[in-house]
Amino acid sequence: MITNILKDKPTRLFIILSGFFVANALIAEIIGVKIFSLEATLGMQPASLMILGDPYSFNMTAGVLLWPVVFIMTDIINEYYGMKGVRFLSYMTVGLIIFAFLIFFCAIQLSPAAFFVTMKQKSGVPDMDAAYAQILGQSSYIIIASVLAFLIGQLVDVFTFHKIKKVTGEKKIWLRATGSTLISQLIDSFVVLFVAFRLAPSIYNPDGNEVWSMGLVLSVCIINYIYKFTVAIVLTPVIYWIHGIIERYLGHEKATEMRQAAMNR
């Protein structure tokens, strides 16, 4: 049975795309704990953009490195497997992300071996167990905000993609792929910041973290969106490149059949 499954090109392609989709989303969640300076990484001075009266630079979570890839994968899967395919993967990915963080939580609760705590002191890490907990043990409402933003962003992306395709037909891949990504990323950026740093802390804040003002939420959202907007535009040729690979792999006739079926699902 497994041999027949793997011989079927559309099924094998879906498995490959699904693997990249889930892996990138999960990795983005894990590495997102790090805040980096885009300007310093590129050897540039801070941008200090004036937004709503205050200067802001491109200080973002490392997760933004992979989220554009996730949304490209969304559009590719949407193109050939339709809304149901994307929704299935989105729900499954959310479940796997929650499962991963539950496992992280359980792992953090394990009592560390004595040598593990001090094993990296010479490398500048005084307490490995504390470092492990800080890296993997993200606050619950940041996880909730991120998962919620991801799910809403995915549903908006797939809906917008199909609305644009109904108007343009098979033409203008760049418009439906990039357009749907730009709209969904705007919503994703706002939801994750609003829930994680304003809504959730104002309701439940045992750590005494500062509740962000709406001005700060909007300002940081704009900075994040400028980056995502730019990356989405830059990666547009990549979408055509991947489309070309898939078309050659499936064959023009089969690819056309799948695209038409995807629109009707």
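Residues numbered from 1 in each chain as written. Predicted model: local features only at pLDDT ≥ 70, side-chain atom pairs only at ≥ 80, totals over all residues. Heavy atoms only, no water.

(A) Region of interest: the packing of aromatic side chains. What the rule picks out here adds up to seven aromatic pairs. Look at F21 and F150: their rings are 6.2 Å apart centre to centre, the planes differ by 50°, and that puts the pair in the tilted class. Placement of F21 in helix α2 (residues 9–31) and of F150 in helix α7 (residues 140–168) is noted, with a sequence separation of 129 residues between them. Arranged with centres 5.4 Å apart and planes meeting at 85°, the rings of F101 and F104 form a pair that is edge-to-face. Taken together, the residues F101 and F104, both in helix α4 (residues 67–109) and three residues apart, mark about one turn of the helix. You'll find F101 and F104 in the same group, each marked buried. Between K9 and the ring centre of Y249, over which it is positioned, the NZ or CZ distance is 5.2 Å. (Phe/Tyr/Trp six-rings, centres within 6.5 Å; stacked < 30°, edge-to-face > 60°. Helix = DSSP H or I, 4+ residues; strand = E, 2+ residues; numbered from the N terminus. Buried < 20%, exposed > 50% of the residue type's maximum accessible area, 1.4 Å probe, protein only. Lys NZ or Arg CZ within 6 Å of the ring centre and 35° of its normal.)

(B) Region of the structure containing the packing of α4 against α7. Axis separation between α4 and α7 bottoms out at 10 Å; the angle between their running directions is 165°. When the axis of α4 is compared with that of α7, the two are roughly antiparallel. Remark: the crossing between α4 and α7 carries left-handed chirality. Of the residues belonging to the contact of α4 with α7, the class tally is 17 nonpolar, eight polar and five charged. (Axes fitted to C-alpha atoms, helices over the stretch in contact; angles between N-to-C directions. Parallel < 35°, antiparallel > 145°, perpendicular 65-115°, else oblique. Left-handed = near helix turned anticlockwise from the far one by under 90°. Nonpolar A, V, L, I, M, F, W, Y, C, P; charged D, E, K, R; others polar.)

(C) Representation of α7. Across its 29 residues, α7 extends 42 Å between first and last C-alpha, which sits within 8% of the 42 Å expected from 1.5 Å per residue. Phi turns positive, to about 70°, at G169, one or two residues after α7. (Expected span 1.5 Å × (residues − 1).)

(D) Region of interest: the pattern of salt bridges. One pass over the full model with this rule turns up five salt bridges. Taking the shortest distance from any N to any O, the salt bridge between R176 and E79 comes out at 3.0 Å. In this pair, R176 is assigned in helix α8 (residues 173–203) and E79 in helix α4, connecting sequence segments 97 residues apart. There is no split in this pair, since R176 and E79 are both buried. Its salt-bridge partner being R259, residue E247 comes within 2.2 Å of it at the nearest N-O pair. (Salt bridge = Lys/Arg side-chain N within 4 Å of Asp/Glu carboxyl O.)

(E) Region of interest: unusual backbone geometry. Unlike most non-glycine residues, S48 shows phi in positive territory, near 50°. With respect to the helices and strands, the residue S48 is situated in the loop between α3 (38–41) and β2 (49–51).

(F) Molecular detail of the confidence of the model for the chain. Averaged over every residue, the pLDDT of the chain is 86; residues scoring 70 or more account for 97%. Ranking the elements of the chain by mean pLDDT puts helix α1 (residues 2–7) last, at 74, and helix α5 (residues 114–118) first, at 92. (pLDDT = per-residue confidence, 0-100.)

(G) Geometry of the environment of N4. Tracing the backbone through its elements, the reader meets N4 in helix α1. Taking the C-alpha atoms as reference, N4 lies 39 Å from I183; in sequence the two are 179 residues apart.

(H) A look at the nonpolar core. In this structure, F21, I76, I77, Y80 and Y81 are the most contacted members of the largest nonpolar core, which totals 39 residues. Secondary structure elements with two or more residues in this core: α2, α4, α7, α8, α10 (236–250) and α11 (252–264). Counting residues per element, this core draws most heavily on α4, which supplies 18 residues. Core analysis: the next-biggest nonpolar cluster, separate from the first, contains 14 residues, I51, M60, W212 and Y227 among them. (Core = buried A, V, L, I, M, F, W, Y, C linked by side-chain atoms within 4.5 Å.)

(I) Expanded view of helix α9 (residues 214–234). The first and last C-alpha atoms of α9 sit 30 Å apart over 21 residues, in line with the 30 Å expected at 1.5 Å per residue. Residues of α9 that are buried: V217, S219, V220, C221, I223, N224, Y225, Y227, K228, V231 and A232.

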